[in-house]
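# An overview of the molecular structure
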Amino acid sequence: MDGLPPAELPEIAFAGRSNVGKSSLLNALTGRKALARASSEPGRTRELNYFRVGDTLRLVDLPGYGFAKAPKNEIARWTSLMRDYLRGRAPLKRVLLLIDARHGLKPNDNEVMKALDDAAVTYQIVLTKADKMKPTENQETIAAVQAAIAKRPAAHPLVMATSSETGDGIEALRAEIAALA
Ligand code: GDP
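This section reports on the structure supplied with the text. (Residues numbered from 1 in each chain as written. Predicted model: local features only at pLDDT ≥ 70, side-chain atom pairs only at ≥ 80, totals over all residues. Heavy atoms only, no water.)

This next bit is on the site of the ligand. Of all residues adjacent to the ligand, which total 13 residues, the nearest are Lys 22, Ser 23, Ser 24, Asp 131 and Ser 164. Here Val 20 contributes a backbone N or O atom positioned 3.2 Å from an oxygen atom of the ligand. When isolated, the ligand has an accessible area of 580 Å², and the protein chains bury 73% of it. Considered class by class, the residues forming the shell around the ligand number 1 nonpolar, 7 polar and 5 charged. (Near = heavy atom within 4 Å. Polar contact = N/O pair within 3.5 Å; in protein donor to acceptor, adjacent residues only side chain to side chain. Areas by Shrake-Rupley, 256 points an atom, 1.4 Å probe, with all protein chains shown as cover. Nonpolar A, V, L, I, M, F, W, Y, C, P; charged D, E, K, R; others polar.)

Sheet architecture is open: 6 strands sit in the order S2-S3-S1-S4-S5-S6, paired in mixed fashion. Pairing within the sheet leaves two strands with one partner each, and these edge strands are strand S2 (49-53) and strand S6 (160-161). Examined bridge by bridge, strand S5 (residues 123-128) and S6 share 2 bridges and lie parallel to one another. Bridging across to S6, Val 126 finds its partner in Met 160. (Pairing = 2+ DSSP bridges. Helix = DSSP H or I, 4+ residues; strand = E, 2+ residues; numbered from the N terminus.)

With that out of the way, let us pick up the environment of Ile 177. Structurally, Ile 177 can be placed in helix H5 (residues 170-180). The sequence separation of Ile 177 and Thr 56 amounts to 121 residues, and the corresponding C-alpha distance is 11 Å.

Generally speaking, a soluble globular protein has its nonpolar side chains buried in company with each other. In terms of nonpolar packing, the biggest core is built from 32 residues, with Leu 48, Tyr 85, Val 95, Leu 97 and Ile 125 touching the most fellow members. Only strand S1 (11-16), helix H2 (72-88), strand S4 (92-100), helix H3 (107-119), S5 and helix H4 (135-149) provide two or more residues apiece to this core. Looking at which element gives the most residues to this core, the answer is H2, with 5 residues. Not counting the four nearest positions on each side in its chain, Ile 125 is found in contact with Leu 97, Ile 99, Leu 105, Met 113, Val 145, Ile 149, Leu 158, Val 159 and Met 160. Counting 17 residues, the second-largest nonpolar core is a separate cluster that includes Leu 25, Ala 28, Leu 96 and Ile 170. (Core = buried A, V, L, I, M, F, W, Y, C linked by side-chain atoms within 4.5 Å. Buried < 20%, exposed > 50% of the residue type's maximum accessible area, 1.4 Å probe, protein only. Contact = heavy atoms within 4.5 Å.)

Now for the side chain of Asp 117. Inspection of the secondary structure puts Asp 117 in helix H3. Residue class for Asp 117 comes out buried when judged on its relative accessible area of 14%. Filtering out sequence-adjacent residues up to four positions away, Asp 117 remains in contact with Tyr 123, Arg 152, Pro 153, Ala 154 and Ala 155.

What follows is about the environment of Thr 141. Examined against the element boundaries, Thr 141 turns out to sit in helix H4. Spatially, the C-alpha atom of Thr 141 lies 8.8 Å from that of Leu 127, the residues being 14 residues apart in sequence. Thr 141 has contacts with Ala 101, Gly 104 and Leu 127, leaving out every residue within four places of it along the chain.

Read these as spatial facts, not as claims about activity.
Right under this line is the structure:
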């Protein structure tokens, strides 16, 4: 926590299970090819990667979770880093919680939402890889997610669908992020 940049700009953090498409989404949003690549390499579970967007905001790439085979001490480190960051970071405006459009909410996504509810950090669900499903299937997933989060205190009601592959939903998500800055 001592190594984080000064708390002078609003921050939007990106969270999600490993392989959810977080690096690809950060690259699509920023129009870069390999900006966020390093952060999803194995063994980076202790790092928060910061990307400054001009003088307006910082995007924060949180380490992926859901690593079933990860050693217990790695999981414990991830959990304590997240707790410190979520509870102690004043400029944090919102966490974008990425969910694979093919899979919907999984048990460890629910655990993360519980942690965000407890820390009173607003989070918004963003479906990734929407191109892998039919539009009607994505609508059903969005409706199911909205029903699941309806009673969660810190969940933002708007669920967005994106594809880093086709660019669908990227402009809308940029607008959402820009509004927070
Ligand atoms: P991360 O581990 O969450 O950072 O995930 P990555 O961004 O590395 O993506 C994991 C895998 O999903 C890679 O093989 C990507 O090419 C693929 N992927 C990511 N986003 C999309 C998408 O929008 N559509 C499709 N079809 N594949 C995607």
